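# Architecture at a glance
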Amino acid sequence: MNSILSQLNQILEQKYILIEEEDKAPYLTDWRKRYTGKALAVVLPRTTQEVAKIVQLCAANQIALVPQGGNTGFCGGATPDDSGEQIVLNLKRMNTIREIDVANQTITLEAGCILQTVQEKAAEQDFLFPLSLGAEGSCMIGGNLATNAGGTNVLRYGNTRDLCLGLEVVTAKGEIWNGLKGLRKDNTGYDLRDLFIGSEGTLGIITAAVMKLYPLPISQWTTLVATDSIASTIALLNLFQKRATSLLTGFEMMTQESLALNEKHFPRMANPLKGNPPYTVLIELSDHESEAHVRQLLETILEEAFGAGLMTDAVIANNLAQAKTFWHMREHITLAQAEEGANLKHDITIPLSALESFIQETDALIKAQYPGIRIINFGHLGDGNLHYNIAPPLDADHQAFNAAHEKPIYELIYSQVERCHGSISAEHGVGQLKLEGLRAHKGPVAHDIMKALKTALDPQNILNPHKVVSI
Ligand SMILES: Cc1cc2nc3c(=O)[nH]c(=O)nc-3n(C[C@H](O)[C@H](O)[C@H](O)COP(=O)(O)OP(=O)(O)OC[C@H]3O[C@@H](n4cnc5c(N)ncnc54)[C@H](O)[C@@H]3O)c2cc1C
């Protein structure tokens, strides 16, 4: 092992090879503090060539590498195992924006760029980079691509996959694939870019990307709307889709229980809607015409929704600051859950037509089997994406409850998801958390194809082994 460390030292300066326990520690535990691993070293390369040389060295010595960005993932994908033999390769020093191409409306950037920085750099040139999620102050574009992150703008702009035009990737052999083309059309055979996006570091290390930019909207209006059932919430969504079409950029659902948890831990995040409604929906419209145009449109749709009995109350944000408060309220649910203690996270998608029956049946099954259990359900409803999270009963020891009941609860929810033709991972990915779930619910043919791809691209199994799929 000493010889590996000294060979690494021929690629990177010593200060970028972390071997002391206290230096490595911040990179060895995941955001939820669910997994802690050990590592031979944490390496911090600055260039694609350095990444390639590190992979070549590891391939020659059969040492596994765990790629890591901002370490905000929810599935333990960026955490090494506990052998102490893996190397964590963190990309945070690769944070250069290589080019903003105004005519092509693209940005070429390195994997370690922090998402919020990318949004800000794009805005400086009057562009919108639409990917937006609660971790944007720390997650990195490489991690977003590797997990195919979703977030709050998927309804209008799609997932990270839809925003990406080209990639630069270091393969498991340590070769550099330069696919940094900013093309919106390219039908030259298999789509290699789409193979690496969402592969969670198991097929290659993403070092740079070409991403799409969009015109900045002139005006955005945000409103909170109270509804009394999932059925009316979906009908409200359909009404907005029909009337506002592509101007609808956000449609987030929060249940009474999730907002009560918010208020408990962050009293400033109290719901401004009176009467504690069963469902609170955050709706955002973005317009490229004028402020008056979008405000008028929003009011007209809300009036129609009232008339049709789809909603009971609404508060329109008066200014940008209030709109931000509404969004913070939504984003703080994840943080409130972390404050409350260990919980069982689920990140599922269900076709909207099956959502109501999924929620009714699954709520009933879980509550019957685990009296006192709390269901903290919220999510990107416009995408059919629920964070259907389970918190132990108030008087239970959280760790003990989860240890005893985690498996059957996961299985119950996953079976319900399968019954409704949904997905057990809408946006957070698989990592190590859902390895078994994916094997059981992806379907045997799809799972075999995934194993074949992994074997073909990484025959030595050195890139993030035992994450997503085991070979
Ligand atoms: C408060 C909060 C809110 C969140 N909200 C959302 C949300 O709305 N939508 C959503 O989708 N996610 C959300 N997440 C989850 C997380 O932020 C995303 O998954 C994000 O994309 C991870 O980026 P990262 O840089 O932190 O990646 P990491 O956590 O470092 O890594 C994630 C995975 O990608 C791999 N990886 C990282 N970088 C590379 C690379 N350069 N090449 C190859 N593989 C790589 C890792 O090995 C790992 O498997 C949230 C997280 C938090 C903490």
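Above this text sits the structure in question.
Residues numbered from 1 in each chain as written. Predicted model: local features only at pLDDT ≥ 70, side-chain atom pairs only at ≥ 80, totals over all residues. Heavy atoms only, no water.

With eight of nine residues buried, strand 12 (residues 219-227) is to be regarded as a mostly interior element. Across nine bridges, the pairing between strand 12 and strand 14 (residues 279-287) is antiparallel. Directly across from Leu224, in strand 14, lies its bridge partner Leu282. Sheet topology note: the strand 12/strand 15 (residues 313-316) ladder contains four bridges and is antiparallel. Within strand 15, the residue paired with Leu224 across the bridge is Val315. (Buried < 20%, exposed > 50% of the residue type's maximum accessible area, 1.4 Å probe, protein only. Helix = DSSP H or I, 4+ residues; strand = E, 2+ residues; numbered from the N terminus. Pairing = 2+ DSSP bridges.)

Let us now look at the pattern of salt bridges. The full count for this structure, using the stated rule, is 17 salt bridges. We note a salt bridge from Arg330 to Glu252, for which the minimum N-O separation is 2.7 Å. Taken as a pair, Arg330 in helix 12 (residues 320-340) and Glu252 in strand 13 (residues 248-255) lie far apart in primary sequence, 78 residues in all. The pair formed by Arg330 and Glu252 is uniform in burial state, with each residue classed as buried. The residue Glu340 makes a salt bridge to Lys264 at a minimum N-O spacing of 3.0 Å. (Salt bridge = Lys/Arg side-chain N within 4 Å of Asp/Glu carboxyl O.)

For strand 6 (residues 106-110), a buried count of five out of five residues is recorded, marking the element as mostly surrounded by other parts of the structure. Because side chains alternate across strand 6, one face comprises the buried residues Thr106, Thr108 and Glu110, and the other comprises Ile107 and Leu109, equally buried. The sheet contact formed by strand 5 (residues 97-101) and strand 6 spans four bridges and is antiparallel. Its bridge partner lying in strand 6, Asp101 is registered against Thr106. Here five bridges tie strand 6 to strand 10 (residues 205-212), and the two strands are oriented antiparallel to one another.

This paragraph deals with the sheet that holds strand 4 (residues 87-90). With mixed pairing, the four strands of this open sheet are ordered in space as 1-2-4-3. Since the sheet does not close on itself, it has two edges, and those belong to strand 1 (17-18) and strand 3 (65-68), each with one partner.

With that settled, the discussion passes to a nonpolar patch on the surface. A grouping of Val445, Ile449 and Leu453 is seen on the molecular surface, where their side chains present a nonpolar patch of about 270 Å² in accessible area. Positionally, Val445 belongs in helix 16 (residues 444-457). (Patch = residues over 30% accessible without salt bridge, like charges linked within 9 Å, V, L, I, M, F, W, Y side chains within 5 Å. Areas by Shrake-Rupley, 256 points an atom, 1.4 Å probe, with all protein chains shown as cover.)

Note on placement: Asn95 falls in the loop between strand 4 and strand 5. Assessed through its relative accessible area of 46%, Asn95 is described here as partly exposed. When near neighbours in sequence (up to four residues on either side) are disregarded, Asn95 contacts Arg46, Glu110, Gly112 and Cys113. (Contact = heavy atoms within 4.5 Å.)

Attention now moves to helix 14 (residues 398-419). At 3.6 residues per turn, the α-helix brings residues three or four places apart onto the same side. The largest bend in helix 14 is about 60 degrees, located at His405, with the proline Pro408 one to four residues further on. In the core, the buried residues of helix 14 are packed alongside helix 12, strand 16 (347-349), helix 13 (352-369), strand 17 (374-380), strand 18 (385-391) and helix 15 (435-441). For helix 14, the N-terminal capping position is held by Asp397, with its side-chain oxygen 3.0 Å away from the main-chain nitrogen of Gln399. In the stretch just after helix 14, His421 is the one whose phi turns positive, near 60 degrees. (Bend = angle between axes of the 7 residues up to and from the residue. Polar contact = N/O pair within 3.5 Å; in protein donor to acceptor, adjacent residues only side chain to side chain.)

Around the ligand, a shell composed of 35 residues is seen, among which Pro67, Gly69, Gly70, Thr72 and Gly73 lie nearest. Between Gly69 and the ligand, the recorded distance is 2.8 Å, taken from a backbone N or O atom to an oxygen atom. Between the ligand and the protein, one listed contact pairs an oxygen atom with a backbone N or O atom of Asn71 at 2.9 Å. Taken by itself the ligand offers 970 Å² of open surface, and the protein chains cover 96% of this. Among the elements of the structure, strand 3, helix 5 (141-147) and strand 10 are those that each provide at least two residues to the shell around the ligand. Tallying contributions element by element places helix 5 first for the shell around the ligand, with five residues. (Near = heavy atom within 4 Å.)

Attention shifts here to the packing of helix 13 against helix 14. Running from N to C, helix 13 and helix 14 cross one another at 160 degrees; their axes reach a closest spacing of 11 Å. As judged from the angle between their axes, helix 13 and helix 14 are roughly antiparallel. Once helix 13 is placed against helix 14, the crossing between them reads as right-handed. Between helix 13 and helix 14, the contacting residues are Ser357, Phe358, Glu361, Thr362, Leu365, Ile366 and Gln369 on the first element and Leu412, Ile413, Gln416, Val417 and Arg419 on the second. In the contact of helix 13 with helix 14, the residues fall into six nonpolar, four polar and two charged. (Axes fitted to C-alpha atoms, helices over the stretch in contact; angles between N-to-C directions. Parallel < 35°, antiparallel > 145°, perpendicular 65-115°, else oblique. Left-handed = near helix turned anticlockwise from the far one by under 90°. Nonpolar A, V, L, I, M, F, W, Y, C, P; charged D, E, K, R; others polar.)

With that settled, consider the sheet that holds strand 16. With antiparallel pairing, the seven strands of this open sheet are ordered in space as 15-12-14-13-17-18-16. Each of the sheet's edge strands pairs with one partner strand only, and the pair in question is strand 15 and strand 16. Neighbour-to-neighbour, the strand axes of the sheet open up by a mean angle of 20 degrees, direction not taken into account. Across the sheet, helix 9 (residues 230-244) touches strand 12, strand 13 and strand 14, and the angle it forms with strand 13 is around 170 degrees. Where helix 11 (residues 291-307) meets the sheet, it contacts strand 12, strand 14 and strand 15, and its direction lies at approximately 15 degrees from that of strand 12.

Mapped onto the fold, Asp458 is located in the segment after helix 16. Judged by relative accessible area, which is 1%, Asp458 ranks as buried. A polar contact of 3.0 Å, which involves the side chain of Asp458, links it to the backbone nitrogen of Ile462. Once you skip the residues sitting within four places of it in the chain, Asp458 turns out to touch Ala172, Thr202, Leu463 and Ile471.

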